[in-house]
Amino acid sequence: MAFNRKGSSPAAIEARLRLMRKLQAAELSGVPVPLEDGDFRPDQQPVVRKTRTTSPFGVLLVTVTCFKFMLFGCYHSTDFEVHRNWLAITSSLPFRKWYYEATSEWTLDYPPLFAWMEWCLSLFARFFDRAMLDLDNLNYASPRTVFFQRLSVVALDAVYIYAVREGYRILTQRSISAKIRTLYTPSFIFAGLMLWNVGLLMVDHIHFQYNGFLLGLVQLAVMRILERRYFAAAFWFSLAVNMKHIFLYMAPAFGIFLLRQCCWPELSLRGFNLRNFLVLGGIFGAITTVSLGPFAVLGQLPQVMSRLFPFQRGLTHAYWAPNVWALYNGVDKILTIVGPKLGLTDRNASVGALTGGLVGGQEHSVLPSISPGTADSFWGSTGR
C-alpha cells in the first residue's frame, strides 16, 4: 500500500503504523475496522498555506502613483496650454489642416503620430470639459481641464511603468544571489530610481509634459536589446522617433548597433544578412509610413517638416542646445551689452531674443546671423 510521502513528522509516521496494524487485523478477521479521527488517511493531502508576499515593485508603483495624484494642484507651465491647444486642433479640424492651424502661437510641431495620440485623448476630453477643445479658448484652464490633462499624463505613464517593469524582471532573472536583502538588489534599486525619477516627476507632473511616456518607448527598445530581441527593439525605437523627433540624435547609435547585430555579425561581405536588413528597414518604413504617409499623399510633407524643424526658433531654442551655437549666441549677447560701452558697436543695437520658444525671425545683434545652410554645413561639428 502506497502512502503519501508528504508529512514525515514522528506523529505522521506513528499514525501510518497504527493504520497498517488495523488494516492487517481487518484482512485476517474479515471484519472491516473503522478509521478513527487520529488515523492517517492516504487520500488526505496536507494543507499547504501559501504566505502572501508583497511585491517590492508593487509597493514602489502604488506609492509613486499616489504621489503623482498629490501633484495635481501644482502650478503648470506654458506647455500645459500647448497640449490643450493641440487637443483642440486635432479634435476640431480635419488632419489635413493640423499643420497649418495658427490661431494660437503654440502651433502643432510634433510628428503626426503624436498628433494622432492627442486626437485619441480628445475623445475622452469631451467628457470632462468640452470647452477645452475650442480653438478660440486660448489659455483655458478650468479645474476639469487641469484634472483631465494631469490624469492623461498619469495614464500614459503606463508605458514607462511597463518598461521599468521589464527592466526589473530582467535584472531579477540575472540576480547573482537570492540572499541579498530586497532593498539592496539591483532590480529594486533600478525600479526605485526609475519610478521615483525626480526629474520626470517635476517636468511631467508639475511643469506638464509627456516625457515619461516617450522615454518609456526608448527604454523598451533598450530592454529588448538586452534580451537580444533586435526586431522588437527596432519597432519600439521607430515608434519613439515617430512620436518625438528629438530622438533622431540617438538614431545613428541604434541603427549601427542593430545593423551590426542583425545584418553584419561577422563583418564580412559574405556574412551580410540581407533578409534581416530588409526586415529592419521594413519595420522603420512601415511605422514612418503610417505616421507621415497621409500627409505625403496630400503633398504636405514640406509643411510638416517646416513645423518639425523650425529653424526660425533660433539655434538654441529655450537653451536646449548646449553646443557651439550656444557660445556663439552668448558672445553676441555680451557684445550687445558691452560693445556700446567700449565704443565697438552702436548703442542702439537691439538685444536679440535667441532662445525664445516661438517661431519667428530671430537675428543676431552684433555677430553675423547664421543661416540654415551655414548651420547645416557645420552639423557634424556642432551636434545640431
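Residues numbered from 1 in each chain as written. Predicted model: local features only at pLDDT ≥ 70, side-chain atom pairs only at ≥ 80, totals over all residues. Heavy atoms only, no water.

*Asks:* Explain a nonpolar patch on the surface to me, using residue names and the numbers behind them.
*Replies:* On the surface, L259, W264, F272, L274, F277 and L278 cluster together into a nonpolar patch covering about 550 Å² of accessible area. In terms of residue count, the dominant contributor to the nonpolar patch is helix α11 (residues 274-297) (three residues). Relative to the helices and strands, L274 is located in helix α11. (Patch = residues over 30% accessible without salt bridge, like charges linked within 9 Å, V, L, I, M, F, W, Y side chains within 5 Å. Areas by Shrake-Rupley, 256 points an atom, 1.4 Å probe, with all protein chains shown as cover. Salt bridge = Lys/Arg side-chain N within 4 Å of Asp/Glu carboxyl O. Helix = DSSP H or I, 4+ residues; strand = E, 2+ residues; numbered from the N terminus.)

*Asks:* Got a sec to walk through the nonpolar core? Specific residues and values, please.
*Replies:* The biggest cluster of nonpolar side chains holds 57 residues, and the ones touching the most others in it are W98, F114 and M243. Where this core is concerned, the elements lending two or more residues are α3 (78-92), α4 (112-125), α5 (143-173), α8 (211-226), α9 (230-243), α10 (251-263), α11 and α12 (301-308). In terms of residue count, the dominant contributor to this core is α9 (nine residues). If you look at the next biggest cluster of nonpolar residues, it comprises 15 residues, including F57, F190, A191 and L195. (Core = buried A, V, L, I, M, F, W, Y, C linked by side-chain atoms within 4.5 Å. Buried < 20%, exposed > 50% of the residue type's maximum accessible area, 1.4 Å probe, protein only.)

*Asks:* Describe unusual backbone geometry, and please don't skip the residues or the numbers.
*Replies:* With glycine set apart, most residues show a phi of negative sign, and most peptide bonds adopt trans. In this model, F208 sits at a positive phi of 95°, which is unusual for a non-glycine residue. Looking at where F208 falls in the secondary structure, it is placed in helix α7 (residues 198-208). The backbone phi angle of R228 is positive, close to 65°, even though this residue is not glycine. Its location among the elements puts R228 in the loop between α8 and α9. Among the residues examined, R228 registers a relative accessible area of 62% and is labelled exposed.

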